[in-house]
Structures are given as structure tokens and as C-alpha cells.
Amino acid sequence: MRKGFQEDFLWGGAIAASQADGAWQEGGKGIGTQDLRYFDTLWDKDTRTENRNTNMTTPMFEKALTAKEETHYPFRFGIDFYHQYKEDLCLMEELGLKVFRTSICWARIFPNGDEAEPNEEGIQFYRDLFRECHARGMRVFATILHYDTPVQLLLRYGGWKNRKMIDFYVHYAKTLFRNLGDLVDYWLPFNEINCARFNPYNGCCLIKDQEPDYMNAIFQCTHHQFLANALAVKAAHEILPGSKVGGMIARFTTYPLTCKPEDVMESILEENYKNYFYTDVMARGKYPSYSDRMFDKLGVRIHKEPGDDAVLAENTVDFLAFSYYMSMTASTDTEQEKASGNLVTGNKNPYLQASDWGWQIDPVGLRISLNQMYDRYQLPVFIAENGIGAVDKLTEDGRIHDPYRIAYLREHIAQMKEAVKDGVELLGYTMWGIIDIISCGTIEMSKRYGVIYVDEDEEGKGSKKRYKKDSFYWYQECIRNNGEETEATDE
Ligand code: BGP
């Protein structure tokens, strides 16, 4: 039996380009879909929660297209990682990170998305960034598409519902493999491919009021993304033999609320529809047996072309990755109290506490998820995201005391270790939001995940100076002793 993490366990940190980079109009970059998401500081907490993952509307979109300002569009300023990445990576090195996960901004490489030749300045930026990671002892885990898509692809082609997107995407992915392949250790073609279902603007560029059959469009987009994912696997293996390409979902771990058989069945269906449908296609290479009934229930009929099934079957992923923030429960009783969560809302679990944003904190759920994922596919697993969003306070002496984050990390890492002892082949852990960035769902800067604090407010004002939180020192020590000192409290 394994006693703990293997020696070369990949302790890491993750961010996404659109939430961190800023410099939205520099370096030849085109406009991305995330640059158009609006935020207002006047919104109170309820409105922010209500607006979380707001799906884009045509008036909002049109207004954003002509807006020049940054203030109400936080993804335009991020945390200025574009200019400050050297200093930031210096802090990551001090932390002892073994791997750094970030996404590549499609619109930096192809400003409109459909060009034949890439923007050299964009390629150079990523060559410099990834070289810097290696120079500081970190491997690179690169997400090819983390929501942010060149907006011209939406305007000219309608986004992912158009099959042409597959070609644009594959051309983009091949350009990355050829130009950055020597600097990337793990590739992730799509961040949380199941997001298309739960935030269709972010996930697949759909504007709800423009879709007469929204659900159908969502799954048609997903089919195209599955093909793009498979073709990216194929291209990576051809261009970069031995490369590792993963499939990722946002993991919505769902328990039956009670042992009532109907609740148990409900949880199985939720697991299948929200999670496994996506990993089944990417890892097993075909639409699962339950998908016909799921489509029937949702009133969905997707169009497949001859040869699509073969593409999926022949190009399955090398490993699986997921983000894990919380768990939820399923019940046939629709009157149950709800709890908020990443991308979805689920039933409340009376045994769990929740974060300030109402996401139910469940470390054991991480062990459960890892076991389930590994048992089902027998593929190595990567925890691509995990962390807690909280309001942090910078004290006058430049400290941030965040015991809640230390507790969250300690407990989740302890359960991760249990999963390793259970026999799960776990490659690494890239803690989410290693440095404070703009939150993806609510677009707030005040929802902070980092072990590094960034002095900036919701409107991008502040010194942007970086500070080490108490959790920085905790995670540093955890990495130094390879997670040895984290023990599950329930054993
Ligand atoms: C995931 C996304 C991230 C992210 C994280 C936390 O779904 O991949 O981009 O930000 O959730 O969510 P939030 O930022 O809304 O708190």
C-alpha cells in the first residue's frame, strides 16, 4: 500500500489567462469573449450571486463591443499578470511549486480566430512565460481554451454551434503544439468541457436570446467540442510523440440526499448527466448508453457526421483532470433547500458547512471523487483546480491572516492523500487561484482564492502590489514536506 504522495508529485498552482493577464489590447491581441462580461460595484451581494455565471444577452453584448472602458469589465485589467509575471513566478518559485497551470489566450495567438498565420508577438509572450516557469523549476500545464474565445468567431460564425469552429480550434492547437510543444509538459484542450451546459456563454459562446432551441444548441456545441478535443489529442500525439493530453470537467460530486432508492437513482442520473457524460466520451471514446435517454429527457437531437464516432473512438485522452470545489445532494423532492456552488446549484447537505459564497465545503468528497474517477477509467488523474474563495483583509503591517484557507487546503490535501493510499494514480494538484485573480462566476476581485494577495479592488484600483498570506507559508511547508504532515482527521 502507498503511504503518501510519490516523490515527484506535482504540487502546483493554477490561473486562467482571462482572469489574470489584463493587457486586453496589447501585444496584437484581439478581443475575447470574456473581455465583454460586465460587472457593477453597485450590485449588492444578492445581485452578484444572482448574476453569477450570468448568461450574456444581446443588449449587454452589443454595449460591451463598443465600450472602451476597463472599469466595468474586470477581465480587461485582470491582475496585470501580462506585465508582472516574472515577479509573480518568482513568488511561485519561493513557494516551491513544481507545476504552473495557466491558459493560453486564443486571441493573443489568432486575434480573430480564423487567420492562417499566428500573431508572432503572442507566441513570443508564451515562449517567454513558459521558459520563465522552467527556469524557476516549474513544469507547465497549459489549458488551450479556458472560456475566452476570440469574439470574431462568435460574430462571424456563431461560435461553437458552427462546425467550422473545429477547424479553427484545431489549427490553433496545432500552432501551439508546433511553437510551444518543447515548453509544455501537460496539455488540456478544454477547461471544464461540461461548462457548455452550465454557462453556455463562457463554455461555447452562445447568447441565450439568440437561440430558438437553447438546449439543442448547447449539445450541438458540445459535440463539436468533443471532436475538437479528440482531434487535439490526435494532433498532439502526431506532432509531439509522447505528449500528455487530458480531458477536464468541473466535478459536481453528488450524493443521494437520503437512502431512499429514488434519491439514490436520482444521484446516479445527476452524476451521469452532469459529470460522466463528458468524461465517458473523452476517456471511453463514445457516447455512453444513457445518453439517448438523457437527450430524450432534454429534448435534444444532435447532428453527427459520418466519421465523427471514429474520431472520438480513436483519440481518447491520456489522463483526466477535474476542478473540485464542493459537493451537493440529489433528491426527488424538489422542495429541498438549495445550496450555491460552482456553476450549478444543488440541494443542501446538512452535514456540511459552506464558504462565504455558499459553496458546501466537503474534503471527503474529494477523496470520493478521486476514487470514482480512477475506478471508472483507470487513467491517471490530475486535480486541476481546488480552493476556497473568501474575503481577505490586508492588515496595516502587510499581513493576511487566512486560517479558513489553511484549513480548507489542509483538509482537502489530507483527503487527497487518502485517495493516493486507496490506490488512485494522482499526478498532481494545481490549487486554484494560487494568486488572487478576478473570479470567473461573479467577476469580483473581492472573491479571493490566492495564497498570494493582490492589492486591487473591483474596479482595478490599488497598488497591485503582491503580499504573502499566512496560507502562503502553510502551502510552502506542505510542498516542502511533500504533504507528509497532512493527516485526515476522520481516521
Ligand atoms: C472554475 C473555473 C475557474 C474559476 C473557478 C472558481 O469553474 O474554471 O475559471 O474561476 O471555477 O470559480 P469562481 O471564480 O466563480 O469563484
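Calculation notes
- Residues numbered from 1 in each chain as written.
- Predicted model: local features only at pLDDT ≥ 70, side-chain atom pairs only at ≥ 80, totals over all residues.
- Heavy atoms only, no water.
- Helix = DSSP H or I, 4+ residues; strand = E, 2+ residues; numbered from the N terminus.
- Rg over C-alpha atoms; globule rule 2.2 N^0.38 Å.
- Buried < 20%, exposed > 50% of the residue type's maximum accessible area, 1.4 Å probe, protein only.
- Contact = heavy atoms within 4.5 Å.
- Areas by Shrake-Rupley, 256 points an atom, 1.4 Å probe, with all protein chains shown as cover.
- Lys, Arg positive; Asp, Glu negative; His and termini not counted.
- Charge placed at Lys NZ, Arg CZ, Asp CG, Glu CD.
- Salt bridge = Lys/Arg side-chain N within 4 Å of Asp/Glu carboxyl O.
- Core = buried A, V, L, I, M, F, W, Y, C linked by side-chain atoms within 4.5 Å.
- Pairing = 2+ DSSP bridges.
- Axes fitted to C-alpha atoms, helices over the stretch in contact; angles between N-to-C directions.
- Near = heavy atom within 4 Å.
- Polar contact = N/O pair within 3.5 Å; in protein donor to acceptor, adjacent residues only side chain to side chain.
- Nonpolar A, V, L, I, M, F, W, Y, C, P; charged D, E, K, R; others polar.

Asks: What's the story with the overall build of the protein chain in this structure? I'm lost.
Replies: When its secondary structure is counted, the protein chain shows 17 helices and 16 strands. Computed over the C-alpha atoms, the radius of gyration of the protein chain is 21 Å, within 12% of the 23 Å expected from 2.2 N^0.38 for a compact globule of 491 residues. Dimensions along the principal axes, computed over C-alpha positions, put the protein chain at roughly 55 × 55 × 50 Å. For the protein chain, the residues scored as buried account for 64% of the 491 residues in total. Counting only contacts in the protein chain whose residues sit at least 6 apart along the sequence, the fraction spanning at least 24 positions is 76%. By element, 49% of the accessible surface of the protein chain is carried by carbon and sulfur atoms, the whole surface being about 18600 Å². The average position of the 56 basic charges and that of the 75 acidic charges among the side chains of the protein chain differ by 2 Å.

Asks: Got a minute to help me understand the pattern of salt bridges in this structure?
Replies: As a working rule, side chains carrying opposite charge can pair if their charged atoms are close by. Across all of its chains, the model carries 32 salt bridges by this definition. Taking the shortest distance from any N to any O, the salt bridge between Asp-35 and Lys-29 comes out at 2.7 Å. This pair shows no difference in class: Asp-35 is buried, exactly as Lys-29 is. Between Arg-448 and Asp-436 there is a salt bridge, and its shortest N-O distance comes to 2.6 Å. With a gap of 12 residues between them, Arg-448 in the loop between β14 (426–432) and β15 (452–454) and Asp-436 in the loop between β14 and β15 connect regions that are remote in the sequence. Classification of Arg-448 by relative accessible area gives buried; the value is 5%. Each member of the salt-bridge network shares a partner with another, and the members are Asp-392, Asp-402, Arg-405, Asp-436, Arg-448 and Lys-469.

Asks: Whenever I open this one, the nonpolar core confuses me. Can you help?
Replies: Note that soluble globular proteins tend to have their nonpolar side chains buried in a common cluster. If you look at the biggest cluster of nonpolar residues, it comprises 153 residues, and the most contacted ones within it are Trp-160, Tyr-169, Trp-187, Met-416, Ile-434 and Tyr-475. It is helix α11 (residues 214–239) that provides the largest number of residues to this core, a total of 13 residues.

Asks: Would you take a moment to explain the sheet that holds strand β4 (residues 186–190) for this structure?
Replies: Read around the closed barrel, eight strands run β1-β2-β3-β4-β5-β7-β13-β14, paired in parallel fashion. Neighbour-to-neighbour, the strand axes of the sheet open up by a mean angle of 25 degrees, direction not taken into account. Summarising the sheet, β4 and strand β5 (residues 244–250) pair through two bridges and their orientation is parallel. By the bridge assignment, Tyr-186 is partnered in β5 with Lys-244. Its contacts with the sheet place helix α12 (residues 261–284) against β5 and β7 (319–323), and it is angled at close to 165 degrees to β5. Helix-sheet contacts for helix α15 (residues 363–377) involve β5, β7, β13 (381–385) and β14, and the interaxial angle to β7 is about 155 degrees.

Asks: Can you help me understand unusual backbone geometry in this one?
Replies: Note: most residues except glycine have negative phi, and most peptide bonds are trans. You will see that Tyr-147, though not glycine, has its phi angle at about 65 degrees, which is positive. In this structure, Tyr-147 sits in the loop between β3 (139–145) and α7 (151–157). The exposure class assigned to Tyr-147 is buried, which follows from its relative accessible area of 6%. With a phi close to 60 degrees, Ile-443 is a non-glycine residue in the positive phi region. Mapped onto the elements of the fold, Ile-443 is located in the loop between β14 and β15. Here Ile-443 falls in the buried class, since its relative accessible area comes to 5%.

Asks: Whenever I open this one, the site of the ligand confuses me. Can you help?
Replies: What surrounds the ligand is a group of 15 residues, the closest being Glu-192, Cys-440, Gly-441, Lys-447 and Tyr-449. For the ligand, an oxygen atom lies 2.7 Å from a polar atom in the backbone of Gly-441. Within the side chain of Lys-447, an N or O atom sits 2.7 Å from an oxygen atom of the ligand. Protein chains shield 98% of the accessible area of the ligand, which is 380 Å² for the free molecule. Residues belonging to the shell around the ligand are distributed by class as follows: six nonpolar, six polar and three charged.

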